[in-house]
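Here's the letter readout for the chains.
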Amino acid sequence: TINFSTAIFCYWTTNNLISLGQSFVFKNKNMRKRLGIWDPPPPVPGQENSKGFMESMTAAFDKSETAKAADKIKLHNEAIERQKTASQASLSVGERKAGRNRKRGKKSR
């Protein structure tokens, strides 16, 4: 356990050096040709360019913010409609009560 941090450092350094070497080798066209690795196919005409990770995440975040705003507006409109329905229902109850009172000869308040 005393040499644990040293072992992790050696592993991390070796692993990262190998990864860097691989990326340099695979980016070199001559080396790819020697290893038999073909070039990526060209994009299909008319197909939109694929976005990178950050662009995709930004677009998803913006879309979610827009959806949240739309949901807030929808909920607000539904609440207004419920209030209108409730006030109309209470008015109709009051009107019915006043109508019954008129039939009985009582004054409405």
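Criteria and thresholds
By convention here, each chain's residues receive numbers from 1 onward along its written sequence. A pLDDT threshold of at least 70 governs which residues receive local features in this predicted model, and a stricter bar of 80 or more applies before side-chain atom pairs are shown or counted, although totals over entire chains, interfaces and linings include all residues. Heavy atoms throughout the structure, all of them, feed into the side-chain values; hydrogens and water do not. The numbering of helices and of strands both runs from the N terminus, where a helix is a DSSP run of H or I of at least 4 residues and a strand a run of E of at least 2. Using a 1.4 Å probe on the protein chains alone, a residue whose accessible area is under 20% of its type maximum counts as buried, one over 50% counts as exposed, and one in between counts as partly exposed. Using a 1.4 Å probe, the Shrake-Rupley method yields the accessible areas, and only the shown protein chains count as cover for residues. Salt bridge criterion: a side-chain nitrogen from Lys or Arg within 4 Å of a carboxyl oxygen from Asp or Glu. Candidate patch residues must exceed 30% relative accessible area and have no salt bridge, after which like charges are joined if within 9 Å and Val, Leu, Ile, Met, Phe, Trp or Tyr side chains if within 5 Å. The pLDDT value tells you how sure the predictor is about a given residue, anywhere from 0 up to 100.

1. What about the overall build of the chain?
Phase 1 of the analysis: Regarding its fold elements, the chain presents 3 helices and 0 strands.
Phase 2 of the analysis: Traced from its N-terminal end to its C-terminal end, the chain shows the element sequence α-α-α.
Phase 3 of the analysis: The buried share of the chain, reckoned over its 109 residues, is 4%.
Phase 4 of the analysis: Only carbon and sulfur atoms are counted for the fraction: they give 61% of the accessible area of the chain, which is about 10,700 Å².

2. Some details on the pattern of salt bridges
Phase 1 of the analysis: For the coordinates displayed, the defined rule picks out 3 salt bridges.
Phase 2 of the analysis: Between Asp39 and Arg32 there is a salt bridge, and its shortest N-O distance comes to 3.0 Å.
Phase 3 of the analysis: The exposure class assigned to Asp39 is partly exposed, which follows from its relative accessible area of 47%.
Phase 4 of the analysis: Looking at Arg32, the relative accessible area reads 15%, which means it is buried.
Phase 5 of the analysis: Ionic pairing is found between Glu81 and Lys84, a salt bridge with its closest N-O pair at 3.9 Å. Placement of both Glu81 and Lys84 in helix H3 (residues 53-104) is noted, with a separation of 3 residues, approximately one turn of the helix.
Phase 6 of the analysis: A relative accessible area of 43% places Lys84 in the partly exposed class.

3. A few points about a nonpolar patch on the surface
Phase 1 of the analysis: Residues Phe9, Tyr11 and Trp12 make up a contiguous nonpolar surface patch of about 430 Å² in total accessible area.
Phase 2 of the analysis: Its location among the elements puts Phe9 in helix H1 (residues 4-27).
Phase 3 of the analysis: Classification of Phe9 by relative accessible area gives exposed; the value is 53%.

4. Here's the deal with the confidence of the model for the chain
Phase 1 of the analysis: Per-residue pLDDT for the chain has a mean of 82; in total, 82% of the residues score no lower than 70.
Phase 2 of the analysis: Mean pLDDT across the elements of the chain ranges from a minimum in H3, with 80, to a maximum in H1, with 91.

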